[in-house]
Amino acid sequence: MSYENFKIETDSDGIAVVTWDMPGKSMNVIDLSVMEEWEKIIDELVADDAVKGVVLASGKKTFGAGADLSMLQQMLGEYKQKFSEDNEAATQLLFDNAYRLNQLLRKQETSGKPFVAAINGQALGGCLEMCLACHARVMADDAKVALPEVKVGLFPGGGGTQRTPRLMHTQEALQFLLKGGNMHPGKAKANGLVTEVVPEGELVSKAKELINNGLKGVQPWDERGFRLPGNKVYSPAGFQLFPPANAIYRRETQDNYPGARAIMKCVYEGLLVPFDTALKIESRYFAQVLRSTEASMMIRTLFMSMQELNKGARRPKGIEKNEIGKIGVLGAGLMGAGIAYVSAKAGIDVILIDRDQEAADKGKAHSESLEDKAISKKRSTAEKKEEILSRITPTDDYSKLSDVDMVIEAVFEDSNVKKIVTEQAEAHMPEGAVFASNTSTIPISDLAKFSKRPEQFVGIHFFSPVNMMMLVEVIKGGKTGDKAIAMALDYIARIKKTPIVVNDTRGFFVNRCVLRYMSEAYNMLSEGVPPAMIENLAKQAGMPLGPLQLNDETAIDLSHKILHQTIRDLGEDAVEKRHIELVDAMVEKHGRLGKKNGKGFYDYPEKPAKKHLWPGLKEMYPQQKADEIDRQEIIDRFHATIAVEAARCVEENVVVDVREADVGSILGFGFAPFTGGAISYIDGMGTKAFVELLAKLEKKYGEQFKANDLLIEMAKNDEKFYDRFSPTGEPQKEAA
Ligand code: NAD
């Protein structure tokens, strides 16, 4: 028989090599057609007496990317449609659909013939689960495997939660499942997740060799006397494992992620029962998690929207792609040095300019130290380091900008300095080159006035540390043209970061929201909420850093500068009196500038002592009794103050695409990822409920919670942002 997605070649030894190569797709994914065909292939090969074993290989550069998320979307759609008519039948249907892959893979591993997976490139999610249901796995020495479903709010539902803890130690399996990160060949072999590691060219021959050497077509867990690598749940080893594992799970997730919770349950419960029952347990939880708001929102933002933005969803149409060969970076300080590094790493030549040669050299040295660290962690090599460094030319000579495609300015946050360097650079840059500023606070339209070519002037706002932060905000000034936006987006794609394009406003999008987060913490301090509660409840709200710690990292004297600058620009009423009093006291009275001088909201003693909240903070305000504080309300305040600011940004047209508000809030400052982002948080509870929450908070805590007109109007019909501002012009589905 012939198949659309697979080719079968059987050799003279009776080994069938099934090559998975989906037409018209760059990567293999598991969809309904693949499942149907794979089942037929299993039937065909098992029935064929001439076939003694099967090798499953990929015809693509990489083994496979996982289950097709649109298939899950379809499953959820069918469920929702049926739910209003017959709730029980709808739930059964969702379970049956979720269970289908488990049944298929179970059929594969109990067919009696040996199956071996040949893993090249990457085997992710469902595709790795297909390999785990083989009786052996041969992995290329440069390949990677991962079960990353937890990162989009799901969990591996094709037997991954059951086969991993039966192949490797439960502790390792839990970490692999809960972190969702890559496992490299050495570790995969040591853990028992793969059988052999060989160069890619030898994958199929090694797989055949295993079959020819008598590999059994039976999984270890189907053999009598099978022992779990991490021992039984009810055993001394299990007793030592699960209670701390549960504590770590709580610490890492704050129990905010149904997908992660299901992993804990599946592994614990699944290891207590026979394998077939365990798979049913997994499918039940999968159907449950798939219905959760968290999974819907996370799939949409962290998979769909991110992919769309990375592929240029906001790139102006009709402009040819820019091949960026060389850029100039002005200012070799913290940001400039980081920008030079990520650019050189992406193969772009960089002219790194500072006031003198010494300062420029210092900026280049940053790349050297980052590469040295990478080499020590085996993430880079001496050759790669040399190549990166050879691309960076440190200098104080602006004439070297004569053949750049773009200049990114990252000098001091001072309009006068920025004016001087803009003029100096434009005197040498080619006519068509784009000038980008990395300013964090000065409106791009104001800076564009210093340029001879304001239509070629754009904001490219990086976040610190540049090499770690995945988001870049592109700012469109009043006169910025499409070509400049296209150049900025092509550059960001080249350095493999995720862009959002926003319109010009004070603080742009990300910092506007972050400032709300920190200022709500100032309010809480002044109300006498104990500082430890502020920090801990922010983490329970799903934020990666408490607001006080974040403020220490960004520097309290910077907040001091921003607040005083705002007063100078907009008058005394533009900032809250209690905020300026707090920041003045911290900086001027106590000399507490943040982490940089070892004294901020936290004290930073010499290592190995750990940082701790500054005891003096409690003395600044009379303290409330912790037990009398409504914890959920503190959590709501953090979410709501950011979300309403995001809604204002949508109303003011700062953000024109709601996907960007969601992706930007998660990648820019870690806004509770389980919500799907600041706008999905509102859609998740409904605009009506959100406006009610705001009204309650406004009454108690002030007008930072005042709903804007847009929200009030939307709440009347409980309208969703993704319907009203649909990025595709059609009502957006919540799940992928
Ligand atoms: P920095 O003080 O570390 O670096 C600024 C560099 O500019 C210094 O090396 C300085 O010598 C150089 N410089 C000053 N005048 C110059 C001139 N005339 N010609 C050439 N070089 C000159 O500052 P930074 O933190 O890297 O910030 C740079 C810019 O990036 C600012 O606009 C800032 O607002 C913005 N930014 C900073 C962050 C952050 O977290 N630090 C984040 C986003 C954006």
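Below or above, wherever it landed, is the structure these notes cover. Everything quoted here is computed from the prediction, not taken from an experiment.

## Points about the pattern of salt bridges
Using the criterion set out here, one finds 46 salt bridges in the structure. One salt bridge connects Glu409 with Lys418, and the closest N-O pair in it is separated by 2.6 Å. Overall, the relative accessible area of 1% leaves Glu409 in the buried class. Arg724 is the salt-bridge partner of Glu719, the closest N and O atoms lying 3.2 Å from each other. Exposure remark for Arg724: the relative accessible area of 32% places this residue in the partly exposed category. Via salt bridges that share partners, Arg106, Glu109, Arg163, Asp222 and Asp276 belong to a single interconnected network.

## Concerning the packing of helix 13 (residues 334-345) against helix 14 (residues 357-376)
The interhelical angle for the contact between helix 13 and helix 14, taken along N-to-C directions, is 60°, at an axis separation of 8 Å. Judged on the interaxial angle alone, helix 14 and helix 13 are oblique. The interaxial crossing formed by helix 13 with helix 14 has right-handed handedness. The residues of helix 14 that touch helix 13, namely those facing Ala337, Gly338, Tyr341 and Lys345, are Gly363, His366, Ser367, Leu370 and Glu371.

## Focus on the site of the ligand
Near the ligand lie 21 residues; those nearest to it are Met335, Asp354, Glu413, Lys418 and Ser440. Leu334 is positioned with one of its backbone polar atoms (N or O) 3.0 Å from an oxygen atom of the ligand. At 2.7 Å from an oxygen atom of the ligand is found a side-chain nitrogen or oxygen belonging to Asp354. Within the complex, the protein chains bury 79% of what would otherwise be the 840 Å² of accessible surface of the ligand. Elements that contribute at least two residues to the shell around the ligand include exactly helix 13 and helix 16 (415-426). With three residues, the top contributor of residues to the shell around the ligand is helix 16. Grouping the constituent residues of the shell around the ligand by class yields ten nonpolar, seven polar and four charged.

Scoring rules and cut-offs
Residues numbered from 1 in each chain as written. Predicted model: local features only at pLDDT ≥ 70, side-chain atom pairs only at ≥ 80, totals over all residues. Heavy atoms only, no water. Salt bridge = Lys/Arg side-chain N within 4 Å of Asp/Glu carboxyl O. Buried < 20%, exposed > 50% of the residue type's maximum accessible area, 1.4 Å probe, protein only. Axes fitted to C-alpha atoms, helices over the stretch in contact; angles between N-to-C directions. Helix = DSSP H or I, 4+ residues; strand = E, 2+ residues; numbered from the N terminus. Parallel < 35°, antiparallel > 145°, perpendicular 65-115°, else oblique. Left-handed = near helix turned anticlockwise from the far one by under 90°. Contact = heavy atoms within 4.5 Å. Near = heavy atom within 4 Å. Polar contact = N/O pair within 3.5 Å; in protein donor to acceptor, adjacent residues only side chain to side chain. Areas by Shrake-Rupley, 256 points an atom, 1.4 Å probe, with all protein chains shown as cover. Nonpolar A, V, L, I, M, F, W, Y, C, P; charged D, E, K, R; others polar.

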